[in-house]
Amino acid sequence: MKSFARHFPLAILVGAMAIAAPVQAQEFKAGFVNTDRVFREANSAKAAQAKLEQEFSRREKELVDQGSALKSATEKFEREAPTMAESQRVSRQRQLVDQDRDFQRKRREFQEDLSARKNEELSQVLERANRIVKQVAESEKYDVILQEAVYINPKHDITDKVIKAMNAAPANGGK
């Protein structure tokens, strides 16, 4: 019994090494996903983009119209300014400055709102893409999947698989 107790740790070590040897000999499997392509090509990303365009098209058109009207008013003022009375010219100039300030504020608010909504929509697409990437990684036994790299051999690019899986799965599946 004393002999067994003395050699037991050695037996455990040898057993662990015998088990670990085949594991160390396994090939490391890495993959890469191009998120920019996912955002451009996946149906859910295209749907999110269409949703944003629909949601913001009216405001964008209003801004374009307001900008055109402001430009026309400014050009008209520049043409008529030399023949105007000083008080009228100052009044119109102030009015144009106020209109321009209002236009700039609306444009800035539009950009901020659009940016916030775009981030919301893209984060949902990215969250879904990450779930799909994890499923692909688990089913195909990848050790690591990268989303950014300086260089990647095309044989490791699984972007097509991810896009195909995203397009095949229902948009709200797995939530």
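In case you missed it, the structure is sitting above this.
These remarks concern the structure in this document. These figures come from a predicted structure and were not determined experimentally. (Residues numbered from 1 in each chain as written. Predicted model: local features only at pLDDT ≥ 70, side-chain atom pairs only at ≥ 80, totals over all residues. Heavy atoms only, no water.)

Attention now goes to the environment of aspartate 102. Checked against the element boundaries, aspartate 102 lands in helix H4 (residues 86-139). A relative accessible area of 25% places aspartate 102 in the partly exposed class. As a C-alpha pair, aspartate 102 and glutamine 66 span 36 residues in sequence and 9.8 Å in three-dimensional space. Side-chain polar atoms of aspartate 102 contact the side chain of arginine 105, separated by 2.4 Å. (Helix = DSSP H or I, 4+ residues; strand = E, 2+ residues; numbered from the N terminus. Buried < 20%, exposed > 50% of the residue type's maximum accessible area, 1.4 Å probe, protein only. Polar contact = N/O pair within 3.5 Å; in protein donor to acceptor, adjacent residues only side chain to side chain.)

Next up on the list: helix H5 (residues 159-168). In an α-helix, one turn spans 3.6 residues, which is why side chains three or four residues apart end up on the same side. Listing the buried residues of H5 in full gives Thr159, Val162, Ile163 and Met166. Buried residues in H5, looked at end-on, bunch into an arc of 95 degrees, giving them a common side. With respect to the buried face of H5, the exposed residues turned more than 90 degrees away are Asp160, Lys164 and Ala168. The elements touched by buried residues of H5 are strand S1 (30-32), helix H2 (35-41), helix H3 (43-80) and H4. (Arc of directions from axis to C-beta. Contact = heavy atoms within 4.5 Å.)

Moving on to the nonpolar core. Among the nonpolar cores identified, the biggest contains 16 residues, and Val33, Val38, Ile158, Val162 and Met166 are the most heavily contacted of them. Elements represented by at least two residues in this core include exactly H3, H4 and H5. Per-element accounting of this core gives the leading share, six residues, to H4. For valine 162, the residues in contact, after removing those within four places along its chain, are Val33, Val38, Ala129, Ile132 and Val133. Leu52, Phe56, Met84 and Phe110 belong to the second-largest nonpolar core, a separate cluster that totals 10 residues. (Core = buried A, V, L, I, M, F, W, Y, C linked by side-chain atoms within 4.5 Å.)

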